[in-house]
Amino acid sequence: MKLKMNKKHLLFSVIFMCLTVVTLVITSCSAKITTTVTTDDTSARDFALKIMETQKSAAPIEDAGRSLEPELSAMYPATFGGLWVVYTPKFHFVVAFTSGGEEAAQPYRQGLLTDAIEVRTVKYSYRTLQQAQMEFGAALGKLNFKFESGVNVMDNYTEFRVTKADMPRFDDAVKAGKLLIPECVRVEPVDGLARPD
């Protein structure tokens with residue numbers, strides 16, 4: 001993925017990476033956090049500080065929700081789409097399901113989690129996205145493509161990054177029917193790979 005970085009974006013990226021690491025250590029969730037970058041360094045710092053303050057005050061809620069992801073994914077493997085944490089404007093968990101999410105989340109909406117669980121509907125289950133990642137990755141590997149891949153839980157798709165240099169060969173393989181791109185897979189041409197699979 002090609003990124004243009006200036007000082008503001010670099011500062012925010014460093015802060016964001018630190019917050020992400022802290023969040024992953026604090027919770028057992030494989031959550032993704034997205035934030036909106038404001039236009040100056042002060043606003044980015046203020047936003048990051050607000051998230052850190054929210055993390056401190058939300059620690060009991062995070063602890064109460066620690067079992068959400070493993071339990072929901074185990075109980076509803078065919079429909080569970082994933083879980084992530086939202087820090088602003090109010091701290092809460094988002095749980096995604098292809099169907100039946102409200103019913104699945106209802107038993108957890110008590111105590112500290114009474115108002116801390118939002119349910120969203122997604123097209124693909126997390127299991128489907130993982131399966132697509134494994135199968136499409138194997139197909140790319142058989143054709144000797146180097147790539148990076150990951151599941152984007154919040155946007156409900158599996159992403160593959162392939163170098164721009166390999167894209168003509170990739171396009172030829174698709175046209176020849178050697179590669180079938182599943183509907184839940186997005187392929188992103190990039191200048192280079194950080195760690196090819």
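Structure's up top.
A few points on the structure. (Residues numbered from 1 in each chain as written. Predicted model: local features only at pLDDT ≥ 70, side-chain atom pairs only at ≥ 80, totals over all residues. Heavy atoms only, no water.)

In spatial order, the strands read β1-β2-β3; together these three strands make up an open sheet with mixed pairing. Looking at which strands have only one partner, the edges of the open sheet turn out to be β1 (80-86) and β3 (117-121). Averaged over all adjacent pairs, the angle separating strand axes in this sheet is 20 degrees, with direction ignored. For strand β2 (residues 92-97) and β3, the ladder comprises five bridges, and the chain directions are parallel. Within β3, the position partnered with Val95 by the bridge is Val119. (Pairing = 2+ DSSP bridges. Helix = DSSP H or I, 4+ residues; strand = E, 2+ residues; numbered from the N terminus. Axes fitted to C-alpha atoms, helices over the stretch in contact; angles between N-to-C directions.)

For helix α5 (residues 126-142), which comprises 17 residues, the first-to-last C-alpha distance of 24 Å matches the rise-based estimate of 24 Å (1.5 Å per residue) to within 8%. Listed in full, the buried residues belonging to α5 are Leu129, Ala132, Phe136, Gly137 and Leu140. Seen end-on, α5 carries its buried residues on one side only, within an arc spanning 120 degrees. Turned more than 90 degrees away from the buried face of α5, the exposed residues are Met134 and Lys142. (Expected span 1.5 Å × (residues − 1). Buried < 20%, exposed > 50% of the residue type's maximum accessible area, 1.4 Å probe, protein only. Arc of directions from axis to C-beta.)

A few words now on the sheet that holds strand β4 (residues 147-152). A sheet is described by the order of its strands in space; here three strands give the open sequence β4-β5-β6, paired in mixed fashion. Of all strands in the sheet, those bounded by a partner on one side alone are β4 and β6 (185-190). Ignoring strand direction, the axes of neighbouring strands in this sheet form an average angle of 20 degrees. Pairing of strand β5 (residues 157-163) with β6 involves six bridges; the strand directions are parallel. Bridge assignment links Glu159 to a residue of β6, and that residue is Arg186. The sheet strands contacting α5 are β4, β5 and β6, and the helix crosses β4 at an angle near 170 degrees. (Contact = heavy atoms within 4.5 Å.)

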